[in-house]
Amino acid sequence: MTALFAKKALLPQGFEDNIRLDIDATGHITGIETATKPGPGERIADVLVPGMSNVHSHAFQRAIAGLTEYTSGGSDTFWTWRSLMYELANKVSPDDLAAIAGQLYMEFMKSGYTSVAEFHYTHGMAGNNAPLNMEMSLAIFEAAKQTGIGFTHLPVLYEVSGFGATDPVLQQRTFLHTPEAFVDLVEMLETRVKSEPEISLGIGFHSLRAVTSQSLAEISTWAGHAMPDRPIHIHIAEQELEVRDCLEFYGARPVEWLLNNAPVNENWCLIHATHMIAKEIKGAASSGAVVGLSPSTEANLGDGFFELPAWLEAKGALGVGSDSNVCTSPIEELRLLEYGSRLRERRRLISTSPEHRGTGAFLWSAAARGGARALGRKAGTIAVGNKADVLGLDSTHPALCSADSDNILNTLVFGPSQGAIRDVYVGGLRVIEDGRHACEEQISARYRKTVKTLIKS
Ligand SMILES: [Zn+2]
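Everything numeric here is computed off the predicted structure, so don't read it as measured data.

What counts as what
- Residues numbered from 1 in each chain as written.
- Predicted model: local features only at pLDDT ≥ 70, side-chain atom pairs only at ≥ 80, totals over all residues.
- Helix = DSSP H or I, 4+ residues; strand = E, 2+ residues; numbered from the N terminus.
- Buried ≥ 20, exposed ≤ 12 C-beta atoms within 10 Å, placed from the backbone.
- Contact = placed C-beta atoms within 7 Å.
- Pairing = 2+ DSSP bridges.
- Core = buried A, V, L, I, M, F, W, Y, C linked by C-beta atoms within 7 Å.
- Expected span 1.5 Å × (residues − 1).
- Arc of directions from axis to C-beta.

Enquirer: Tell me about the overall build of the protein chain, and please be specific about residues and values.
Expert: Of the regular secondary structure elements, the protein chain holds 14 helices and 17 strands. With respect to the three principal axes, the spread of C-alpha positions in the protein chain is 65 × 50 × 45 Å. Across the 457 residues that make up the protein chain, the buried fraction comes to 52%. Relative to all contacts within the protein chain whose residues are 6 or more apart in sequence, the contacts with residues 24 or more apart total 74%.

Enquirer: Kindly report on the sheet that holds strand β2 (residues 14–23), identifying the contributing residues and their values.
Expert: Think of a sheet as strands paired side by side through backbone hydrogen bonds, with each pair either parallel or antiparallel. An order of β3-β2-β1-β4-β14-β15-β16-β17 is seen for the eight strands of this open sheet, with the pairing classed as mixed. The sheet is open, and its two edges are formed by β3 (29–33) and β17 (436–437), each paired on a single side. In terms of strand pairing, strand β16 (residues 429–433) meets β17 through two bridges, oriented antiparallel. Bridge pairing in β17 links Ile-432 to His-437.

Enquirer: Account for the nonpolar core, naming residues and giving values.
Expert: Of all hydrophobic cores here, the largest spans 127 residues; its most connected members are Leu-48, Leu-97, Tyr-105 and Leu-270. Filtering out sequence-adjacent residues up to four positions away, Leu-270 remains in contact with Ile-234, Ile-236, Val-255, Ala-284, Ala-289, Val-291 and Gly-292.

Enquirer: Describe in detail the pairing of strand β5 (residues 52–57), supporting the description with residues and values.
Expert: Within a regular beta strand, the side chains point alternately toward one face of the sheet and then the other, so they alternate between its two faces. Most of β5 sits out of view: six of its six residues are buried. Bridge analysis of β5 against strand β6 (residues 113–120) gives four bridges, and the strand direction is parallel. Pairing of Ser-53 across the sheet is with Ser-115, part of β6.

Enquirer: Outline helix α4 (residues 179–193), supporting the account with residue identities and numerical values.
Expert: Taking 1.5 Å per residue as the helical rise, α4 with its 15 residues ought to reach 21 Å, and the 21 Å between its terminal C-alpha atoms agrees with that figure. Residues of α4 that are buried: Phe-182, Leu-185, Val-186 and Leu-189. Across the axial projection of α4, the buried residues extend over an arc of 95°, all falling on one side. Projecting away from the buried face of α4 at angles above 90 degrees are the exposed residues Glu-180, Glu-187 and Thr-191. As for α4, its buried residues are in contact with α3 (135–147), β7 (150–157), β8 (199–201), β9 (203–205) and α5 (213–226).

Enquirer: Describe unusual backbone geometry, with residues and values.
Expert: Located in the positive-phi region is Ala-237, a residue other than glycine, with phi close to 50°. With respect to the element layout, Ala-237 can be found in the loop between β10 (232–236) and α6 (240–250). Since 30 C-beta atoms lie within 10 Å of it, Ala-237 is described here as buried. Positive phi is not limited to glycine here, since Leu-349 has a value of about 50°. As for its position among the elements, Leu-349 is in the loop between α11 (330–345) and α12 (359–375). Judged by C-beta crowding, with 12 C-beta atoms within 10 Å, Leu-349 ranks as exposed.

Written out as structure tokens, the structure reads:
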């Protein structure tokens, strides 16, 4: 049992002063005292707020972040970017992946993410089109354990190349499983994560274009029995071409079709869900599913704007993720989400509620709660029974020093707050101390060596 004292902390009912969190050996909060004093030798934090769960990452893509910003001379789209990304996916070895993910997860935590859902479909290595081994997954586990981030692993079913079960292109071969082989992989991974307190398992379907309707139904049913209440994630309605192809093949839009053909509920996370019309927004919000938004990647790839005002009106749940990892900060994701809507709507303060009249407070709290749900992780609020996944903010930072309790999260999200996150705790363990990770030099040196070789080759 350990304790953490804070001068101020954001509890579910709002900020309270002079707080002590009691934390057990599994990293869960077992008690919260308010209006108390620090005990002798107790760690003292300044301002504690819930950490953020990153709902969507493809770790390997961190290695090309910023390196796809030159034109090929024609029309550059999501699909031309995808070809470059596939080149990388086919070169990365398990050792490379551990090095890249280690750097990335350290960056996540320094920026305010305390956990991540890794949407993992690069199961095999180049030349291996029968990826029945767990090597790539175990490499990511190594990075999660080395850095100390809370981790939800989502092995992803990827079967075909497009609607109508079109044959995979050569570069997709290392992603592929039959449904039977996929179940074998998940069962093997399940035995590996049992002894890991900060690693849990869900599953992913790559997209409606990469999974047949039959397999989606079979695997959803299997997961409902074999791993109930675990997260199920799917990329959906990210691109307009995907919507057109889905309409042509299924006679329905992607989100519309999914809601009619899969047991979508609060365990599901709909990644992107960019292109939805009113009835899909209403249906998806009332299903309880979380939408997993990555405004930085959606902007980078020219996907389109998420229908934020209508989603909030429908009381839909949301989380944020880093996806292609061009951005590793939840603050930037939330800011871009709100600003995209402001630019589109030509008005201010889109994301508020009667309980949270501040946009930063609303967005941070909603994304922390929704994100934790999407990871199947008891977190997202500082409350008894939840993991002690918390951020220690520096109240003397120039962005925060004039903020009263109502404005702490508003200034964190919308002010020039770089450096305001001083300490990061995952399951009560301090993984970032005064802005640094204990293994920072070693992790970064390994990353530099890896990407220099990878990008040249
Ligand atoms: Zn993605």
